[in-house]
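Tertiary structure, described
So you can see what is in the structure, the chains are spelled out below.
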Amino acid sequence: MILDFIQGAALLLALCWLQTINRRLWTDHCVMAPLLSGLLFGTTCVVGMLTPIVLQQGLIFDARTAVLSMAGLFGGPLVAAVAALMAGGYRFWLGGSGVWVGLANVLMPVLLGLAYRYWHQRGKVQTGPWQLLAFGLLVHVLTVLLLTLLPAAQASLSLRQVAVPMLLVLPLATLILGLLLRDIEYRLHTERALAQSEARMGAITRAIPDLLLVLDEDGRYVDVVAPEPKLLLLPRSQLLGKHLHEVMSQGEAERFYAFIQRTLASDTPQILQYAIHTQVGSTVFEGRAQRLEGLLEGKRAVVMLARDISERESVEMERRIAAIAFESQQGMVITDASSKILRINQAFSAITGYSAADVIGQDTRILSSGRQTPEFYQAMWRSISETSAWEGEIWNRRKNGEIFPEWLSISAVRDGHGRVSNYVASLTDISEHKAAEDQIKHLAFFDALTGLPNRRLLLDRLQQAQAASARKGKFAALMFLDLDNFKNVNDLHGHQTGDQLLCLVAERLSHAIRSCDTVARLGGDEFVVLLEDLEPHSEDAAGQVEAIGQKILQALEAPYLIGELELRSTASIGVLLFNDELSGSHELMKRADLSMYEAKAAGKNALRFFDPAMQESVSARLQLEEDIRRGLAAGEFVMYLQPQMDENYSLIGAEALVRWQHPQRGLLSPAAFVEVAERAGLIELLDLQMLRQACEQLAEWARQPATEELRLAVNLSARLLYQPHFVDQVLELLAATGADPHRLKLELTESLLFDDLAGAVLRMTALKAHGIRFSIDDFGTGYSSMAYLQQLPLDQLKIDQSFVRALPDDPNSLAIIRAICSLANSLNLDVIAEGVETEVQRALVLANGCRHFQGYLFGRPMPLSEFARLHP
Ligand code: C2E
Ligand code: CA
Ligand code: CA
């Protein structure tokens, strides 16, 4: 009987084997797999029933209970149902007395198996060996109990013969079958999970852009997955099985090898950044590697994901470079489109003194020095808008207020639409650079000994002066100056003394000129003075130069103190006037130089003009000055009187006009000498002489009733009016001569009053307090402003003779005369017309409101004796 059961056990093993194949074949088929399983379980039962232990006809025992219970447990309802139908059908077909109990022994294990399965799936019971054994016992105890349902004889026979072997073998068989089936299920389950996991892993590895490398501990490529095969050193097939050192340089391979060892030694992922030359060129990778658990082909291994970070790296590199560049020596400013400062660097703070907190959010105007013109900024912004850039030198202001030069470059940053989004400016402080430049310039353009401009700078300024004088229509002059006996100083006292003398000369020259002029040293004892902005007429200009030249000669004449020595030195000056650009600067210098030699030839300590005509006129003037001086001393200047009349042809007074009774040239009128006297500073003396003669005349008139009412008008030059002691001098004269101040009238011209209106008002008021009267000469040719007329203590307006002369033909002049008369009327002033030559003129002037006259119609300026005849 034991043998029979073993036979049954063999059958069960066959069942398991077939079941394994079946499950493999129909893994995922949800109908075919259970159907076939059911068939297998059913067939096994049927085969078991074909070779049963037959106790008597119709009373058979086999292992169907074990098979069916396991079909329920591991197969599920469908498998169990198919198996149960087959087993039950066959048992029913066999028939016999045990048929019903036999059928019950089909149903019971199936139901128990399903129940077990149900509880197992809910986690209430396990399928461990002990549980399976207990289950087998339960099934077969119930099977034994079912035997009791057989007719009594058969029941006792069965219990006696079968119960013990059955309880000994079948629970064990159930256990073994269960274990085998469980193992099949378990293995299938694992295989499926593995397949799924592999599929998932495959999908993941294909989805990530990184290279996946599996390297063993010897640095051998075990596996390579490359979504972008070009990122590999070599095609995958060539790479597999190779060692690192076979595909990369020695150094790189060693680095990788060390990395693998490090990864193997660590539990956490390791990171390595490396650059290699792949099939697409130099590529930077970031590798993350993790140790693989277990061995791969007997070796430890690592899995590495390598990511191409070339782009990120280059962006990062650029950012780093930009950051370094931004923090460079140059000051940097980034602004928005409206010039609001967004960012600055440290160099900016160092240069300007402004911290980020000071300037961020501010307009860049905060730096502006005010030195640049609006046109400068306009040109700058024009360049930026046209070319997106500007570069140049600019003066800005530091936080401490200091103004400094900087080299500024501005670039406009535009967005995708071409609109300016930002401006980036870099600035370099060039004050030091500028200072150095200035020093170089100084050395190049200035004389080392005296610090004066040298020949180069002079030529430069000369060219500018030529252009400027041509433009302005004004004269300029070049003065060549040479010390007369400098060689002697050097020879007698040594070069050091000579040098000191030159420095002193340079100093005196610099003081003697105006700020717009230039003194240069050409070398040795040669100096050049460049005079600019002179008068537009050559004679006037020559006069100015003459005056400056004389001043210079005087300044240089004074003794020089050098140590213990007292030296004297004079100079000779050659002058060249110019007012155009026609001659080259060198040519001008040559001519000025020539005239200097002429000056020397003329006897040193002299000034000579290059132009002979000019020289002549200057010489003539110098002579005239000398002559005037002599004439003043000799009392050659005499007073002539020109009568002044009222509307009734009655004599009311006279104007004193100077005449020069020249011993050789005869009687000279003011035109021949007044201007020269003014320029030579002799006019004051002359005017005072006239004033004295006038006062004497007044005093004389006062003695006779016929003339005591006459007034005498005296012309005064501006220079006299503004002299500090003028008021006193006039009062002294009046006192000395005994003249009545009320009879004295002083004629002033409008223009001279403007020089110092307040001073003029002060003096005039002081004199007016003594009864002296004032008349404005040549009225109508100047400003004639109401404002100043009101301020001045005036008595009379004297209509200029040009308006009278134009009568009767010129209606304009008449209108002016009329206006002057009404102005005088409104200011309560007298009016007198001068230059009245005809009756028509007199009548016209009179008809327009002027009742006093002076002119040839009534008498020319005449000597006193002649004037005396005018009145009885
Ligand atoms: P003025 O003060 O405007 O003097 C009037 C000038 O007109 C005088 O010339 C006179 O001779 C001239 N004159 C007078 N009536 C007539 C006329 O009907 N027809 C023409 N054609 N001329 C007439 P004069 O004497 O040659 O003086 C010229 C200028 O010299 C004066 O102009 C005055 O500015 C200045 N002057 C004369 N004497 C002195 C003086 O003692 N001191 C100063 N500082 N300047 C004086
Ligand atoms: Ca006059
Ligand atoms: Ca006049």
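Please read all numbers here as calculations on a predicted model, not as lab measurements.

1. Remarks on the sheet that holds strand β9 (residues 341–344)
Pairing in this open sheet of five strands is antiparallel, and the strands run β9-β8-β12-β11-β10 from one edge to the other. For this open sheet the edge positions go to β9 and β10 (389–397), each flanked by a neighbour on one side alone. Mean inter-strand twist for the sheet, computed between neighbouring axes without regard to direction, equals 25 degrees. In this structure, strand β11 (residues 403–414) lies alongside strand β12 (residues 420–429), joined through nine bridges in antiparallel fashion. Considered in β12, the bridge of S411 is made with V424.

2. Digging into the sheet that holds strand β6 (residues 281–291)
Strands sit in the order β4-β3-β7-β6-β5 across an open sheet of five strands; the sheet is antiparallel. Among the strands making up the open sheet, the edge pair consists of β4 (221–225) and β5 (270–278). Adjacent strand axes in the sheet meet at a mean angle of 25 degrees, parallel and antiparallel pairs treated alike. With seven bridges connecting them, β6 and strand β7 (residues 301–308) associate as antiparallel partners. Looking across to β7, one finds that F285 is bridged to D308. Helix-sheet contacts for helix α10 (residues 250–265) involve β3 (211–216), β5, β6 and β7, and the interaxial angle to β5 is about 155 degrees.

3. Re the site of ligand 1
If you check the shell around ligand 1, you find 20 residues, and the closest are Q642, R659, D687, Q801 and E837. One of the side-chain nitrogen or oxygen atoms of R659 is found 2.9 Å away from an oxygen atom of ligand 1. Within the side chain of N715, an N or O atom sits 3.1 Å from an oxygen atom of ligand 1. Computed on the free molecule, ligand 1 has an accessible area of 800 Å², of which 81% lies beneath the protein chains in the complex. Structurally, ligand 1 is housed in the largest pocket. Put simply, the parts of the chain that give the shell around ligand 1 at least two residues each are β21 (651–662), α23 (683–702) and β25 (773–779). Ranked by residues supplied to the shell around ligand 1, first place goes to β21 with four residues. Per-class residue counts for the shell around ligand 1 are seven nonpolar, six polar and seven charged.

4. Some points on the domain arrangement of the protein
Under the domain assignment used here, the protein contains domain 1 (2–192), domain 2 (208–308), domain 3 (313–435), domain 4 (449–610) and domain 5 (629–868). Between domain 3 and domain 5, the C-alpha centre-to-centre distance is 69 Å.

5. Here's the deal with the coordination of the calcium ion (ligand 2)
Donor atoms from the polypeptide that coordinate the calcium ion (ligand 2) comprise E655 (OE), N715 (OD1), E747 (OE) and D777 (OD), at 2.0 to 2.5 Å from the metal. The metal-metal distance between the calcium ion (ligand 2) and the calcium ion (ligand 3) is 4.0 Å, with D777 coordinating both. Taken together, the residues span a long stretch of sequence, with N715 in strand β23 (residues 711–715) and E747 in strand β24 (residues 744–749) at a distance of 32 residues. Since its relative accessible area comes to 23%, N715 is described here as partly exposed.

6. Section: the coordination of the calcium ion (ligand 3)
Bound to the calcium ion (ligand 3) are the protein donor atoms D777 (OD), D778 (OD), E834 (OE) and E834 (OE), situated 2.0 to 2.9 Å from the metal. A relative accessible area of 26% places D778 in the partly exposed class.

7. Notes on the nonpolar core
In this structure, I628, L746, L753 and L797 are the most contacted members of the largest nonpolar core, which totals 79 residues. No other element matches the nine residues that α23 contributes to this core. Ignoring anything within four residues of it in the chain, the contact list for L746 reads L691, V714, L716, F726, L767, I772, R773, F774 and S775. Listed in part, the 48 residues of the second largest apolar core include M49, L132, L146 and A173.

8. Details of the pairing of strand β20 (residues 637–646)
Of all ten residues in β20, nine are buried, a share of seventy percent or more. With nine bridges joining them, β20 and β21 adopt antiparallel strand pairing. If you follow P643 over to β21, its bridge partner there is A654. With three bridges joining them, β20 and strand β28 (residues 852–854) adopt antiparallel strand pairing. Looking at the pairing, Q644 lines up with Q854 of β28.

9. Structural notes on the packing of aromatic side chains
Two numbers describe a pair of aromatic rings. These are the distance of the centres and the angle of the planes. What the rule picks out here adds up to 15 aromatic pairs. Taking the centre distance of 5.3 Å and the plane angle of 80 degrees together, the rings of Y118 and W119 count as edge-to-face. A relative accessible area of 42% means that Y118 is categorised as partly exposed. Through pairs of rings, three or more aromatic residues link up here, namely F256, Y274 and F285.

10. Concerning the environment of L731
For L731, the location among the structural elements is in helix α25 (residues 726–737). Each C-alpha atom of the pair L731 and Q346 lies 76 Å from the other, and the pair is 385 residues apart in sequence. Excluding anything up to four places from it in sequence, L731 contacts L767 and H770.

11. A closer look at the environment of E647
Among the secondary structure elements, E647 is positioned in the loop between β20 and β21. By relative accessible area, E647 is classed as partly exposed at 33%. In contact with E647, not counting residues within four places along its chain, are R842, L846, R851 and F853.

So, how was this worked out
Residues numbered from 1 in each chain as written. Chains lettered and ligands numbered in written order. Predicted model: local features only at pLDDT ≥ 70, side-chain atom pairs only at ≥ 80, totals over all residues. Heavy atoms only, no water. Pairing = 2+ DSSP bridges. Helix = DSSP H or I, 4+ residues; strand = E, 2+ residues; numbered from the N terminus. Axes fitted to C-alpha atoms, helices over the stretch in contact; angles between N-to-C directions. Contact = heavy atoms within 4.5 Å. Near = heavy atom within 4 Å. Polar contact = N/O pair within 3.5 Å; in protein donor to acceptor, adjacent residues only side chain to side chain. Areas by Shrake-Rupley, 256 points an atom, 1.4 Å probe, with all protein chains shown as cover. 1 Å grid on protein atoms, 1.4 Å probe; cavity = no way out; pocket = protein on both sides within 12 Å on 5 of 7 lines; lining within 4 Å. Sits in = over half its atoms within 2 Å of the grid points. Nonpolar A, V, L, I, M, F, W, Y, C, P; charged D, E, K, R; others polar. Domains from an automatic or database assignment. Donors = N, O, S within 2.8 Å, 3.2 Å for Na, K, Ca; no water. Buried < 20%, exposed > 50% of the residue type's maximum accessible area, 1.4 Å probe, protein only. Core = buried A, V, L, I, M, F, W, Y, C linked by side-chain atoms within 4.5 Å. Phe/Tyr/Trp six-rings, centres within 6.5 Å; stacked < 30°, edge-to-face > 60°.

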